[in-house]
Amino acid sequence: MAVEVFVYQDHVTVDFTGTERILTLKGHLDLSMYEIESARVAPVDELRAELGWRVGGGYLPGFFITGWFTVPGRKGARQLWCVYRDREALVIETRRDSPRRVVLQHPYRHDLAWLIAERVPHYS
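Residues numbered from 1 in each chain as written. Predicted model: local features only at pLDDT ≥ 70, side-chain atom pairs only at ≥ 80, totals over all residues. Heavy atoms only, no water.

## Describing the sheet that holds strand S4 (residues 36–43)
What links the strands of a sheet is backbone hydrogen bonding, and the strands pair in either a parallel or an antiparallel sense.
Stage number 1. Taken together, 6 strands build an open sheet; the order of strands is S4-S8-S9-S7-S6-S5 and the sheet is mixed. Both edges of this open sheet fall to S4 and strand S5 (54–60), since each of them pairs with a single strand only. Across the sheet, the mean angle from the axis of one strand to that of its neighbour is 20°, orientation sign disregarded.
Stage number 2. Sheet topology places strand S6 (residues 64–71) next to strand S7 (residues 74–83); 7 bridges connect them, and they run antiparallel. Bridging across to S7, Ile65 finds its partner in Val83. (Pairing = 2+ DSSP bridges. Helix = DSSP H or I, 4+ residues; strand = E, 2+ residues; numbered from the N terminus. Axes fitted to C-alpha atoms, helices over the stretch in contact; angles between N-to-C directions.)

## Focus: the packing of aromatic side chains
Stage number 1. Applying the stated criterion across every chain, the model contains 2 aromatic pairs.
Stage number 2. Ring centres 6.4 Å apart and planes at 80° place the aromatic pair Tyr59 and Phe69 in the edge-to-face group. One end of the pair, Tyr59, is in strand S5; the other, Phe69, is in strand S6, with 10 residues separating them in the sequence.
Stage number 3. On the accessibility criterion, Phe69 (1% relative accessible area) is buried. (Phe/Tyr/Trp six-rings, centres within 6.5 Å; stacked < 30°, edge-to-face > 60°. Buried < 20%, exposed > 50% of the residue type's maximum accessible area, 1.4 Å probe, protein only.)

## Here we look at the pattern of salt bridges
Oppositely charged side chains may form a pair once their charged atoms are brought near each other.
Stage number 1. Under the criterion given, the structure shown has 9 salt bridges.
Stage number 2. Where Arg100 meets Glu37, a salt bridge forms, and the shortest distance between an N and an O atom there is 3.8 Å. Of the two residues, Arg100 sits in the loop between strand S8 (88–94) and strand S9 (101–104) while Glu37 sits in strand S4, which places them 63 residues apart along the sequence.
Stage number 3. With its nearest N and O atoms 3.7 Å apart, the salt bridge here joins Asp97 to Arg74. Linking Asp97 in the loop between S8 and S9 with Arg74 in strand S7, this pair joins segments that are 23 residues apart in sequence.
Stage number 4. Looking at Asp97, the relative accessible area reads 42%, which means it is partly exposed.
Stage number 5. The exposure class of Arg74 is partly exposed, given its relative accessible area of 37%.
Stage number 6. Three or more residues joined by partner-sharing salt bridges are found here, namely Arg40, Glu50, Glu93 and Arg101. (Salt bridge = Lys/Arg side-chain N within 4 Å of Asp/Glu carboxyl O.)

## Observations concerning the layout of surface pockets
Stage number 1. A volume near 200 Å³ is recorded for the largest pocket.
Stage number 2. In this structure, the largest pocket is lined by 16 residues; those nearest its centre are Val44, Asp45, Arg48, Arg85 and Asp86.
Stage number 3. The set of elements that each furnish at least two residues to the lining of the largest pocket consists of helix H2 (44–48), S5 and S6.
Stage number 4. By residue number, the principal contributor to the lining of the largest pocket is H2, which donates 3 residues.
Stage number 5. Among the residues forming the lining of the largest pocket, the class breakdown is 10 nonpolar, 1 polar and 5 charged. (1 Å grid on protein atoms, 1.4 Å probe; cavity = no way out; pocket = protein on both sides within 12 Å on 5 of 7 lines; lining within 4 Å. Points joined across faces, edges and corners; volume = space filled by probe spheres on them. Nonpolar A, V, L, I, M, F, W, Y, C, P; charged D, E, K, R; others polar.)

## A short note on the side chain of Gln105
Stage number 1. Looking at the secondary structure, you find Gln105 in the loop between S9 and helix H3 (109–119).
Stage number 2. A polar atom in the side chain of Gln105 sits 3.4 Å from the backbone nitrogen of Asp86. (Polar contact = N/O pair within 3.5 Å; in protein donor to acceptor, adjacent residues only side chain to side chain.)

Here it is in structure tokens:
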């Protein structure tokens, strides 16, 4: 897997290299902690139910979901996926329209979700 996620105090970066860079049509993503609403680990089957139309990338059921997809019910909103056969994925929800959601397969998804969630500012 060639997806690297770096969590800093004020932002998160995601770097796609190799094949993932081609399949996701993205090389680098930078998200400010102020743009992030939440981070969690969720079952891919549940997330797939909220998958819209493929805008760019690849989708082969049971094998991989990569690239850009619409968000049902949110005109102009996009979600970025890079998931293969794992049953769980890291989910980062943002305040942006593109990407509104980032879904990643990563071996340290639980640790990353915790690190990000700890740094997200909570507004009352």
